[in-house]
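# Tertiary structure, described
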Amino acid sequence: RNPNLKQGFIDRFLLMTEPYDIPTAVVFNKADLYDEGDRAVFEYLQGIYEPLGYRVLLVSALKREGLEDFRHLLQDQTSLIAGQSGVGKSTLINAIQPQLQLKTSELSDYTGKGQHTTTFAEMFDLDFGGRIIDTPGIKTLTFNNLEPQDVAHNFREFFALAEHCRFGGKCLHRNEPQCAVKTALEEGIVSELRYFNYLAILDEIEQHNYWERNVM
Ligand SMILES: Nc1nc2c(ncn2[C@@H]2O[C@H](COP(=O)(O)OP(=O)(O)OP(=O)(O)O)[C@@H](O)[C@H]2O)c(=O)[nH]1
Ligand SMILES: [Mg+2]
Ligand SMILES: [Zn+2]
């Protein structure tokens, strides 16, 4: 909340870390601003991503809530914090390492969005052990280098099910017969949100590739 989470952002982001086996956690900041609806959304998303093996945290950098778990995640690791502009990445780092005094700024009154305050990635030592890289806000995530098959292989629960699809690792889990992902979707085992975002990414990649192949 403030700025709002863009539809599909988490799944698109995971497509960047998953191919490299980078352990990824999803951190929801600004808990102090959440109303009941926001909290329900948080719990819904936590219920999707935690069973898949991603840590999901709720914190407030401002009210210093949930910081103990956040610190634990970072301890003795090199971590990178990423997200839309204005979600509070730099504020969160300041909250656990106040000496850094990283620059932060309010959301724009006009657009309600972040102002792209952090302009380049920079790494800092954490005195409880570990290092953290603050990064500029992400505007858009596009996949110029992915094929549809790569997407299927990097939605981890789809990949795990694919061995039971009739077409195995070649199945894109759309209209193929005897698809284990679609069966799991109908049974409520695969999340509708994940599946919806997956289809949207596939479409986008296919359109992009179509354009690329026909431009020459
Ligand atoms: N209410 C509330 N505001 C917060 C919290 N954390 C950060 N903010 C505010 O959110 C605004 C943006 O914070 P930044 O830390 O600059 O955000 P950022 O993600 O680093 O943004 P970029 O550097 O532009 O990518 C600031 O006005 C912060 O004070 C929080 O937990 N609660
Ligand atoms: Mg910043
Ligand atoms: Zn399938």
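Bear in mind the structure is a predicted one, so any value in this text is a computation, not a measurement. (Residues numbered from 1 in each chain as written. Chains lettered and ligands numbered in written order. Predicted model: local features only at pLDDT ≥ 70, side-chain atom pairs only at ≥ 80, totals over all residues. Heavy atoms only, no water.)

### Some thoughts on the overall build of the protein chain
Keep this limit in mind: Elements are defined by DSSP. Helices are runs of H or I of four residues or more, strands are runs of E of two residues or more, and each kind is numbered from the N terminus. Note that the radius of gyration is over C-alpha atoms, with the globule rule given as 2.2 Å times the number of residues to the power 0.38. Relative accessibility under 20% of the residue-type maximum defines a buried residue, over 50% an exposed one, and the middle range a partly exposed one, all with a 1.4 Å probe and only protein chains included. Residues are treated as being in contact if the distance between any of their heavy atoms lies within 4.5 Å. All accessible-area figures derive from a Shrake-Rupley calculation using a 1.4 Å probe, and residue coverage is judged against the displayed protein chains alone. Only four residue types enter the tally: Lys and Arg on the positive side, Asp and Glu on the negative side, with His and both chain ends excluded. For this purpose, a charge sits on NZ of Lys, CZ of Arg, CG of Asp or CD of Glu.
When its secondary structure is counted, the protein chain shows 8 helices and 5 strands. When the helices and strands of the protein chain are listed from N to C terminus, the series reads α-β-α-β-α-β-α-β-β-α-α-α-α. Here the C-alpha atoms of the protein chain give a radius of gyration of 19 Å, agreeing with the 17 Å that 2.2 N^0.38 yields for 216 residues. Principal-axis analysis of the C-alpha atoms places the extent of the protein chain at approximately 55 × 45 × 35 Å. Within the protein chain, the proportion of its 216 residues that are buried is 44%. For the protein chain, the proportion of contacts with a sequence separation of at least 24, taken over those separated by at least 6, is 61%. Approximately 12700 Å² of the protein chain is accessible, and the part contributed by carbon and sulfur atoms is 51%. Positive and negative side-chain charges of the protein chain, numbering 21 and 31 respectively, have mean locations separated by a distance of 4 Å.

### A look at the coordination of the magnesium ion (ligand 2)
To keep it simple, the criterion reads: Only nitrogen, oxygen and sulfur atoms within 2.8 Å of the metal, or 3.2 Å for Na, K and Ca, are treated as donors, and water is left out, so sites may look incomplete.
Bound to the magnesium ion (ligand 2) on the protein side are S90 (OG) and T118 (OG1), at distances that span 2.0 to 2.1 Å. Pair noted here: S90 is in helix α4 (residues 89-96) and T118 is in the loop between α4 and β4 (122-125), with a separation of 28 residues, a long-range link. The burial state of S90 is the same as that of T118; both residues are buried.

### Considering the coordination of the zinc ion (ligand 3)
The criterion, for reference: Site shape is set this way: if four donors have all angles between 85 and 135 degrees, tetrahedral; if opposite donors are over 155 degrees apart and all others between 65 and 115, square planar for four donors and octahedral for six; otherwise irregular.
Protein-derived ligands of the zinc ion (ligand 3) are C165 (SG), C171 (SG), H173 (ND1) and C179 (SG), with the metal-ligand distances lying across 2.1 to 2.4 Å. Angles of 102 to 117° at the metal separate the 4 donor atoms of the zinc ion (ligand 3), which places the site in the tetrahedral class. Along the chain, the residues donating to the zinc ion (ligand 3) are arranged with the sequence spacing C-x5-C-x1-H-x5-C. One exposure class covers both H173 and C179, and it is buried.

### Side note on the environment of G169
Here G169 shows up in the loop between α6 (156-161) and α7 (180-186). Take G169: its relative accessible area is 37%, and that puts it in the partly exposed class. A C-alpha to C-alpha distance of 32 Å links G169 and L57, two positions 112 residues apart in sequence. Setting aside anything within four residues of it in sequence, one finds G169 in contact with Q149, H153 and A162.

### Notes on the site of ligand 1
The condition that has to hold: For this purpose, a residue is taken to be near a molecule or strand whenever a single non-hydrogen atom of the residue falls within 4 Å of it. Distance and chemistry together define a polar contact, namely a pair of N or O atoms within 3.5 Å, with one atom able to donate a hydrogen and the other to accept it when in protein, and with adjacent residues in sequence counting only for side-chain atoms on both sides.
Taken together, 23 residues lie around ligand 1, and D32, S85, K89, T91 and T118 are the ones closest in. Between G86 and ligand 1, the recorded distance is 2.9 Å, taken from a backbone N or O atom to an oxygen atom. The protein chains hide 91% of the 660 Å² of surface that ligand 1 would expose on its own.

### Structural notes on the environment of G112
Along the polypeptide, G112 turns up in the loop between α4 and β4. Note: C-alpha distance between G112 and A184 (72 residues apart in sequence) is 39 Å. Ignoring anything within four residues of it in the chain, the contact list for G112 reads P3 and L107.

### A word on the nonpolar core
As a reminder of what qualifies: Nonpolar core, defined: a set of buried Ala, Val, Leu, Ile, Met, Phe, Trp, Tyr and Cys residues in which side-chain atoms within 4.5 Å join the residues together.
Among the nonpolar cores identified, the biggest contains 21 residues, and L15, V151, F155, F158, Y195, Y198 and I201 are the most heavily contacted of them. Elements represented by at least two residues in this core include exactly α5 (148-154), α7 and α8 (192-215). Sort the elements by how many residues they give to this core and α8 lands first, with 5 residues. For F158, the contacting residues outside a window of four places in its chain are A152, H173, V181, V190, R194, Y195 and Y198.

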